[in-house]
Amino acid sequence: MKVSLDIDSRFDETLVTIESPELTEDVQEVLTFIKGRTTKFLIGKAGDMQHIIKPTEIHYCHTENEKVIAVTEKGSFQLKEKLYELEELLPTHQFIRLSKSVIANLYELSRFEASFNGTLCVHFKSGAKEYVSRTYVKDIKNALQMNRR
């Protein structure tokens, strides 16, 4: 992959152009990174207060009583977005779906425990834990490159 950078004060704004014969995994990764840079923050509600939450502060998001909750070091906050919307908003190089009801920040994961029924128990640095359903085990292993021999 070749990279070209042209800095010139004549330009009014930043323009990113990708030229490729096909949509490869590398190209998709670059697109995801650029797209992820557009979500600067989310608004979470705790009580009567609205809080500004940076995506990097989120440990994981889960559904609870039909509401989406973002868990951070500072506490839990109710978000207005649905999980599928968060999947599109949050950078895919950083967040991964663990189950139908949980999206996790890969950088906040601490360790895994395999269970006999094919699921994984994910432990976060914060001490919290969530379960990876069998449907998503392969995706998380690929994301963490655990399939190396």
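Please refer to the structure higher up on the page.
The structure presented is a predicted model; accordingly, all values stated were derived computationally and were not measured.

> Explain the nonpolar core to me, using residue names and the numbers behind them.
Counting 16 residues, the largest nonpolar core has L98, L109, F124, V132 and I140 as the members making the most contacts within it. Taken together, the elements giving at least two residues each to this core come down to β4 (67-72), β6 (95-99), β7 (102-105), β9 (120-124) and α3 (134-143). With residues near it in sequence (within four places) discarded, L109 still touches A104, V122, H123, F124, K125, I140 and L144. I58, F77, L79 and I103 belong to the second largest nonpolar core, which has 13 residues in total.

> Tell me about the packing of aromatic side chains, and please be specific about residues and values.
If you walk through the whole model with that rule in mind, you get 1 aromatic pair. Ring centres 4.7 Å apart and planes at 25° place the aromatic pair Y60 and F124 in the stacked group. Here Y60, found in strand β3 (residues 58-64), pairs with F124, found in strand β9; they are 64 residues apart in sequence, far enough to count as distant. Judged on exposure class, the residue Y60 and its partner F124 are both buried.

> Which residues make up the sheet that holds strand β5 (residues 75-79), and what are the values?
The antiparallel open sheet is built from 7 strands, whose spatial order is β2-β1-β5-β4-β3-β7-β6. On the outer flanks of this sheet lie β2 (49-53) and β6, each paired with one strand and no other. Between one strand and the next, the sheet's axes are offset by a mean angle of 35°, whatever the strand orientation. Bridge count for β4 against β5 is 5 bridges, and the pairing is antiparallel.

> Could you give me a rundown of the pattern of salt bridges, with the residues and numbers involved?
Note that side chains of opposite charge can pair when their charged atoms are close. Counted by the stated rule, this structure contains 4 salt bridges. Put simply, E57 and K74 hold a salt bridge, and the shortest N to O gap is 3.9 Å. Remark: K74 occurs in the loop between β4 and β5 and E57 occurs in the loop between β2 and β3; sequence separation between them is 17 residues. Assessed through its relative accessible area of 26%, E57 is described here as partly exposed. K74 sits in the exposed class, given a relative accessible area of 69%. Between E87 and R97 there is a salt bridge, and its shortest N-O distance comes to 3.1 Å. One end of the pair, E87, is in helix α2 (residues 83-89); the other, R97, is in strand β6, and 10 residues separate them in sequence.

> Which residues make up the environment of T119, and what values go with them?
Note on placement: T119 falls in the loop between β8 (109-114) and β9. Classification of T119 as buried rests on a relative accessible area of 16%. A sequence separation of 14 residues divides T119 from S133, and the C-alpha atoms of the two residues are 5.4 Å apart. When neighbours within four sequence positions are excluded, T119 is seen to be in contact with E113, A114, V132, S133, R134 and V137.

Analysis parameters
Each residue is numbered by its place in its chain's sequence as written, counting from 1. The model is predicted, so local features are restricted to residues of pLDDT at least 70 and side-chain atom pairs to those at 80 or more, both for listing and for counting; the totals for chains, interfaces and linings are taken over all residues. No hydrogens and no water enter the side-chain calculation; it runs on all heavy atoms of the structure. Among buried residues, those of type Ala, Val, Leu, Ile, Met, Phe, Trp, Tyr and Cys that are joined through side-chain atoms within 4.5 Å constitute a nonpolar core. Note on exposure labels: buried denotes an accessible area under 20% of the residue type's maximum, exposed denotes more than 50%, and partly exposed covers the range between, all computed with a 1.4 Å probe on protein chains only. Starting at the N terminus, helices and strands are each numbered in turn, a helix being any DSSP run of H or I of at least four residues and a strand any DSSP run of E of at least two. Contacts are assigned to residue pairs that have any heavy atoms within 4.5 Å of one another. To pair, rings of Phe, Tyr and Trp, with the six-membered ring standing in for Trp, must have centres within 6.5 Å; the planes then decide the type, stacked if under 30 degrees apart, edge-to-face if over 60, and tilted in the middle. One bridge is not enough; two strands pair if DSSP finds at least two bridges between them. Only the stretch in contact is used when fitting a helix axis, every axis being a line fitted to C-alpha atoms; angles between N-to-C directions are given from 0 to 180 degrees. For salt bridges, the criterion is a side-chain nitrogen of Lys or Arg within 4 Å of an Asp or Glu carboxyl oxygen.

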